[in-house]
Amino acid sequence: MYRPVTATRTSLPVWMIALVVFGVLAILGIIIGLLVHFLAVENRTYYYQGSFKVVNIPYDSNYERETSPESNYLSKILENKMVDAFQSSSLYRQYINSQVIKLVPDNSGVTAQIWLIFKAPRSVKAGTRTRIESILHQMLKNHSGSLTTDPNSLRLMEISKVDAEKITNNRCGRRARMSATYDRIKGGSTAQEGEWPWQASLKKNGQHYCGASLISDRYLVTAAHCFKKTNNPKNYTVSFGTKVNPPYMQHYVQKIIIHEDYILGEHHDDIAVILLTENIPFKNDVHRVCLPEASQIILPGEGAVVTGWGALFYDGAYPVLLQKAPVKIIDTNSCNAEEAYNGEVQDTMLCAGYMEGNIDACQGDSGGPLVYPNFRNIWYLVGIVSWGDECGKINKPGVYTRVTAYRNWIASKTGI
Ligand code: 4AZ
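Nothing here was measured: the structure is a model prediction, and the numbers come from that model. (Residues numbered from 1 in each chain as written. Predicted model: local features only at pLDDT ≥ 70, side-chain atom pairs only at ≥ 80, totals over all residues. Heavy atoms only, no water.)

### Quick look at the side chain of Gln94
Its location among the elements puts Gln94 in the loop between helix 2 (69–87) and strand 2 (95–106). Accessibility expressed as a relative area gives 10% for Gln94, which makes it buried. When near neighbours in sequence (up to four residues on either side) are disregarded, Gln94 contacts Ile117, Phe118, Lys119, Ala120, Val124 and Arg131. (Helix = DSSP H or I, 4+ residues; strand = E, 2+ residues; numbered from the N terminus. Buried < 20%, exposed > 50% of the residue type's maximum accessible area, 1.4 Å probe, protein only. Contact = heavy atoms within 4.5 Å.)

### Quick word on the site of the ligand
Near the ligand you find Asp360, Ala361, Cys362, Gln363, Ser366, Val385, Trp387, Gly388, Glu390, Cys391 and Gly398, and these make up its full shell. Contact between the ligand and Asp360: a nitrogen atom at 2.8 Å from a side-chain N or O atom of the residue. One nitrogen or oxygen atom from the side chain of Ser366 is found 2.8 Å from an oxygen atom belonging to the ligand. Across the complex, the protein chains shield 84% of the 310 Å² of accessible surface that the ligand would expose by itself. Within the shell around the ligand, the residues separate by chemical class into five nonpolar, four polar and two charged. (Near = heavy atom within 4 Å. Polar contact = N/O pair within 3.5 Å; in protein donor to acceptor, adjacent residues only side chain to side chain. Areas by Shrake-Rupley, 256 points an atom, 1.4 Å probe, with all protein chains shown as cover. Nonpolar A, V, L, I, M, F, W, Y, C, P; charged D, E, K, R; others polar.)

### Quick look at the domain arrangement of the protein chain
When the domains of the protein chain are assigned, the result is domain 1 (43–169) and domain 2 (178–416). When each unit is reduced to the centre of its C-alpha atoms, the spacing between domain 1 and domain 2 is 34 Å. Tallying the contact residues gives 14 residues for domain 1 and 13 residues for domain 2. Across the interface of domain 1 and domain 2, roughly 1,100 Å² is buried in total on both sides, 37% from carbon and sulfur atoms. Ranking the residues of domain 1 by area buried against domain 2 places Thr67, Asn72 and Asn169 at the top, with a combined share of 54%. (Domains from an automatic or database assignment. Buried area = accessible area lost by both parts, 1.4 Å probe.)

### Thoughts on the side chain of Arg407
Inspection of the secondary structure assignment puts Arg407 in helix 7 (residues 407–414). The side chain of Arg407 is buried and forms no salt bridge, while Glu293, the nearest opposite charge, is found at 6.3 Å. Setting aside anything within four residues of it in sequence, one finds Arg407 in contact with Leu291, Pro292, Glu293, Ala294 and Ile416. (Lys, Arg positive; Asp, Glu negative; His and termini not counted. Salt bridge = Lys/Arg side-chain N within 4 Å of Asp/Glu carboxyl O.)

Written out as C-alpha cells, the structure is:
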C-alpha cells in the first residue's frame, strides 16, 4: 500500500557536535604539537667530514704516524682553533665536537682531515653546513700563531652516523662512550659497554684466563706468562665485550709469539703477541688502542686505568662484568725501595697503583691493559699487567710490562 514518505531531518544533539569538534581539535593539536616537536624542538645529530691545508710546514714523515708527538701537537693546535672558532660563533649551541682525524704531509704542507658533530632541530638544520663552512673559512683566514692555513683548501660534507663512526673506530685509542665514575679488578668498578673497546678476554678451553689488548684488526698484545702451560693456538680463543661469560663472539687464534727472552717463572720480558685467524671488523665496542712510541716518557704521578676480569681480592671471587680501576704511575726508584720491591723492578717494567695499597690489578687481569689518555684524550697502552706481591697490599703496587721498552719488538713481530 502506498505510503507517503515524510522527510524527517534528525539533527544531532548539541553535546555530540561539541564532542566531535573537541575530538577534531584535540587531534589537530596533537599533530601540530608533534610537528613542532620534531621540526623545531627535538635535536638531531649531524656529522661532517672535511679537510683543509696548513701550508708553511716543511715535509715531515712523522705526521704520517698517528701516534707521533708531531701529529699530536699539530692536531691539538688545529683542534683548539676549531673549538675556539665554533664556541665563539653563532653555532655555539649546536656545536658538539670536532677532531683532527688524520694528517697527510706533502711537499707543500700538511692536509688535515677533520670530523665534526653538531646537533640541531630539523627546522634549523638547513644551511648548517654552509654556516660551518663559513666559520671554518674565517678561522683558516686568521693566521694566529705561526701556522698558515689556506681557506681556499677547505672541503666539507655531511656524512651519515655510520660513516662518522667508521672514521673514528678506525683510529686508535678513541672511545665512543665514556664514564667518569669509579667505585670499587681490586678497588675498581664495573665498566660501561664500549668504554674499553680494545680490552679482550683470552680464553683457554673456553675459560677466561688472561686479559689482552687489541692493537690492530688482527693482533693483540698480552703477557708471556699467560702461556705457561701451553702455547698451542688451538687451545685459545679471544672475546670482546664487557661480559666475559658467555662471550658474545669468539675469535680464533692462529699464532702466539712469546718474547724470546722470557723465562718461565721469571718476570722480565713478560710480553707476547697473538695473531687471530681472521681480521676483526672494528665497531663502536671493539677497536684498537694506540701504542706509545718507544721514546714516549711516562711520567710518575700520571693517572692511568687498569681494566680486566681478574679477581676482586687476592684468591677471591671473579666478576662477570669487566672492571676498571684508576691508578697512578709510580716511579721505579720508589717502587724499588727496600720496603717495596727491593730492586726487583727493572727498567723494562712499570709500577702503577698506590703505595698505600687497595686499588690494584689482580689474578686473571694478567696480560690486560694499563692505559692512559694523552692531552687529546686519545688512549695509549702503557703497560701490560704482569706481576705483583698479591693484590692491593701496602707498598706492593702492580708491576706492568713497560710497553715503550717493547715498542720496537712489537713492530718487529707484527709490522705495527
Ligand atoms: C697474578 O697472579 C697477578 N697486583 C697479577 C697482577 C698482580 C698480582 C698478581 C698485581 O696474575
